[in-house]
Amino acid sequence: MKIVVLGSGAIGSLYGAFLSTVPNNEVILVGRNPHVAAIRSKGLTIKGVMGEHTFHLRAVDDASEVEYADLILLTTKTYDTLSAALSARHLINNGTYIMLIQNGLGTEELVAEVLKTKRVLRATTCMGALRPSPGLVIATGCGLTEIGSRYPENYEFVEGIAEMLKNGGFEVRSSKNIEGVVWTKTLVNAGINPVGALTGFTNGEVYKNPKLRELVIQLVEEAVKIVDTLGIELTTEDPVRYTLGTAKATGNNINSMLQDLRAGKKTEIDSITGEIIRLGKELG
Ligand code: PAF
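Residues numbered from 1 in each chain as written. Predicted model: local features only at pLDDT ≥ 70, side-chain atom pairs only at ≥ 80, totals over all residues. Heavy atoms only, no water.

Caption draft 1: Quick look at the overall build of the protein chain. Looking only at helices and strands, the protein chain has eleven helices and twelve strands in total. Relative to a compact globule of 284 residues, whose C-alpha radius of gyration would be 19 Å, the protein chain shows 18 Å and is just as compact. Oriented by its inertia axes, the alpha-carbon framework of the protein chain measures out at about 50 × 40 × 30 Å. Once local pairs closer than 6 in sequence are excluded, the contacts in the protein chain between residues at least 24 apart make up 70%. (Helix = DSSP H or I, 4+ residues; strand = E, 2+ residues; numbered from the N terminus. Rg over C-alpha atoms; globule rule 2.2 N^0.38 Å. Contact = heavy atoms within 4.5 Å.)

Caption draft 2: How the structure looks around the environment of Val27. Structurally, the position occupied by Val27 is in strand 2 (residues 26-30). A C-alpha to C-alpha distance of 8.8 Å links Val27 and Ala59, two positions 32 residues apart in sequence. Setting aside its immediate chain neighbours within four residues, Val27 contacts Ile3, Val5, Gly16, Leu19, Ser20, Leu57 and Arg58.

Caption draft 3: Inspection of the pairing of strand 7 (residues 97-101) at higher detail. Among the five residues of strand 7, five are classified as buried, and the element is accordingly described as predominantly covered. In terms of handedness, the path from strand 6 (residues 71-74) via helix 3 (residues 81-87) over to strand 7 forms a crossover that is right-handed. As judged from the four bridges shared by strand 7 and strand 8 (residues 120-125), these two strands associate in the parallel manner. When the sheet's bridge partners are listed, Met99 is paired in strand 8 with Leu121. Between strand 7 and its parallel partner strand 8, the chain crosses via helix 4 (residues 107-115), and the hand of that crossover is right-handed. (Buried < 20%, exposed > 50% of the residue type's maximum accessible area, 1.4 Å probe, protein only. Right-handed = clockwise from strand over helix to strand, strands pointing away. Pairing = 2+ DSSP bridges.)

Caption draft 4: The arrangement of the layout of surface pockets in detail. By volume, the second largest pocket amounts to about 290 Å³. Along the walls of the second largest pocket sit 14 residues, with Glu222, Ala223, Ile226, Ile276 and Ile277 positioned nearest its centre. At the level of elements, helix 8 (210-230) and helix 11 (273-282) are the ones that each hand at least two residues to the lining of the second largest pocket. Taken together, the residues of the lining of the second largest pocket sort by class into seven nonpolar, four polar and three charged. (1 Å grid on protein atoms, 1.4 Å probe; cavity = no way out; pocket = protein on both sides within 12 Å on 5 of 7 lines; lining within 4 Å. Points joined across faces, edges and corners; volume = space filled by probe spheres on them. Nonpolar A, V, L, I, M, F, W, Y, C, P; charged D, E, K, R; others polar.)

Caption draft 5: Structural detail: the packing of aromatic side chains. Overall, the coordinates contain four aromatic pairs when judged by the stated rule. With centroids separated by 4.3 Å and ring planes inclined at 5°, the aromatic side chains of Tyr15 and Phe170 adopt a geometry described as stacked. A residue pair is termed long-range when its members are at least 10 positions apart, and Tyr15 in helix 1 (residues 10-19) and Phe170 in the loop between helix 5 (155-167) and strand 12 (172-174) qualify at 155 residues. Using a relative accessible area of 0% as the deciding quantity, one classes Tyr15 as buried. A centroid spacing of 3.6 Å and a plane angle of 5° characterise the contact between Tyr97 and Phe157, whose relative ring orientation is stacked. A residue pair is termed long-range when its members are at least 10 positions apart, and Tyr97 in strand 7 and Phe157 in helix 5 qualify at 60 residues. A relative accessible area of 18% places Phe157 in the buried class. (Phe/Tyr/Trp six-rings, centres within 6.5 Å; stacked < 30°, edge-to-face > 60°.)

Caption draft 6: The arrangement of empty space enclosed by the protein in detail. Applying the stated criterion across every chain yields a total of one cavity of 30 Å³ or more. Its volume calculated, the largest cavity comes out at about 30 Å³. Along the walls of the largest cavity sit Gly148, Ser149, Tyr155, Val158, Glu159, Ser174, Ser175 and Lys176, which together make up its complete lining. For the lining of the largest cavity, the leading source of residues is helix 5, giving three residues. Its residues placed into classes, the lining of the largest cavity shows two nonpolar, four polar and two charged.

Shown next as structure tokens:
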């Protein structure tokens, strides 16, 4: 299978690298320089919880250099989804699937609309990864990848991809309730990330501070009203407890929004908290 990874940052590079170990896969990373240039000259090195390996993969800084894809992994930050989808138009034929591995809400609909296809899959990931220097990715934590599609006609393909990801070394679960999966993860992100980002605290420091913990609870409870109004079935019975449990379990983490702020990058607040606010207004 020819797999093209659009947005080969830390997470995209990690998934691309391990999928390239599955027989009959060819993986091409599309990313930015100097990361792409480093991969071309000395390979992609992955260290951390998945062991230490160097992968020699094709890497390009412009999707137009690639002719087609059987599977596109879209792993950009959410605010780059539209430009990534537009750059992928020529890669798509009647059989191409697109799988989004992202945080937040609303991106599958956008991709399906822009690329005029329902062959769209969605995954959430609890893998942690950092890219401290070009050509190097550190896997900081191993967690579940959940995968599904809002379009039932894709279920069989979802199962195949789940199997392929397992063969690549990932812990994977397929779900027929991907909306519930995505919302459950989004509640965690809406509760923890802005609070950590605004205070500069690790997830554990947020968890241990009674006032901040109360704020996390309020944020999750408010968002749950939207989940209930939409009739979405979460994958946890107690989203508040689940969010606090995640904050505790990932206590040493600097959440991704705080990492973005510290790196001077845009954050994904619009597709997490922003979407919740937008829906809240829309639903009254
Ligand atoms: O965005 C993040 O950083 C993570 O999703 C999580 C679970 C909040 C852990 O830091």
